[in-house]
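So you can see what is in the structure, the chains are spelled out below.
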Amino acid sequence: PLHALERFDTSPIETRRALTIDEINRLLGVCAHHARLLFETAFLSGLRANELRSLSTEDLDVQNGGLHLRAEWTKNRQKGFQPLPRNLMLRLSEFAESGEASRIYDIHYARKDTVRDIPDSPLLYVPTNTARVLDEHLKKAGIPKRTPEGKLDFHACRNAYITLITESDATLKEAQTLA
């Protein structure tokens, strides 16, 4: 019965592009502290929005310089460790100790019927609609969402991370492992 069906067109409708270094700096320059930490962590770890949202303060390992990734929320369902620059680690540690992420979640999840699918001690505040938040910041920074090279959305942070890795001195295996 399926012989009459044609193949699905799997070509992408829109191409996603990575932000340039200049665009990343302009974007980070217009962000509030908590949003800047979110975007920096995304740019320097390659983690997806749900993975960032699932991070708790216990996942931050300043001594070893990175984040512990738990199998229950990673896309590949394997635990891992993602190294981060020391400067970002220290700022994430200060942010975690301040409890600001929990306070921001409390404000945005004030209604009693709201389902909070976040850890007890969140490391970052990750809004439900990351694309809308990124769009607002792109507009503030004067960065177009769509160009002939493609569109920008929150996943473009991951694209930028992978692009930065491949343009560095990392071997193909190192780039693959980090991504």
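Look up a bit, the structure's there.
A quick note: this is a predicted structure, and the numbers were derived from the prediction, not measured. (Residues numbered from 1 in each chain as written. Predicted model: local features only at pLDDT ≥ 70, side-chain atom pairs only at ≥ 80, totals over all residues. Heavy atoms only, no water.)

Quick look at the overall build of the protein chain now. Each helix and strand in the protein chain was counted, giving eight helices and five strands. On the principal axes, the C-alpha backbone points of the protein chain span a range of 60 × 45 × 40 Å. Here the protein chain, with 179 residues, has 40% of them falling under the buried criterion. With an accessible surface of roughly 11,200 Å², the protein chain has 52% of that area assigned to carbon and sulfur atoms. For the protein chain, the centre of its 25 positive side-chain charges and the centre of its 25 negative side-chain charges are spaced 3 Å apart. (Helix = DSSP H or I, 4+ residues; strand = E, 2+ residues; numbered from the N terminus. Buried < 20%, exposed > 50% of the residue type's maximum accessible area, 1.4 Å probe, protein only. Areas by Shrake-Rupley, 256 points an atom, 1.4 Å probe, with all protein chains shown as cover. Lys, Arg positive; Asp, Glu negative; His and termini not counted. Charge placed at Lys NZ, Arg CZ, Asp CG, Glu CD.)

Strand order in this open sheet of three strands is S1-S2-S3, and the pairing throughout is antiparallel. A strand with exactly one partner marks an edge of an open sheet, and here the two such strands are strand S1 (60-61) and strand S3 (80-83). The pairing of strand S2 (residues 66-69) with S3 spans four bridges and is antiparallel. Within S3, the position partnered with leucine 69 by the bridge is glycine 80. (Pairing = 2+ DSSP bridges.)

It is worth spelling out the packing of helix H2 (residues 33-45) against helix H7 (residues 155-167) at this point. At a minimum axis separation of 6 Å, H2 and H7 run at an interaxial angle of 45°. What the angle tells us is that H2 and H7 run oblique. Touching Phe39, Ala42, Phe43, Leu44 and Ser45 of H2 are Cys157, Ala160 and Tyr161, all from H7. For the contact of H2 with H7, the class distribution of residues is seven nonpolar, one polar and no charged. (Axes fitted to C-alpha atoms, helices over the stretch in contact; angles between N-to-C directions. Parallel < 35°, antiparallel > 145°, perpendicular 65-115°, else oblique. Contact = heavy atoms within 4.5 Å. Nonpolar A, V, L, I, M, F, W, Y, C, P; charged D, E, K, R; others polar.)

What follows is about helix H6 (residues 130-141). Helix length check: H6, at 12 residues, gives a terminal C-alpha distance of 16 Å against a target of 16 Å (1.5 Å per residue), a fit within 8%. Looking at H6, one finds that the buried residues are Thr130, Val133, Leu134, His137, Leu138 and Ala141. End-on view of H6: buried residues confined to an arc of 140°, all on one side of the axis. Seen from the open side of H6, the exposed residues pointing more than 90 degrees away from its buried face are Lys139 and Lys140. On its buried face, H6 is in contact with helix H1 (21-29), H2 and helix H3 (49-54). Downstream of H6 by a residue or two, glycine 142 has a phi angle that is positive, lying close to 70°. (Expected span 1.5 Å × (residues − 1). Arc of directions from axis to C-beta.)

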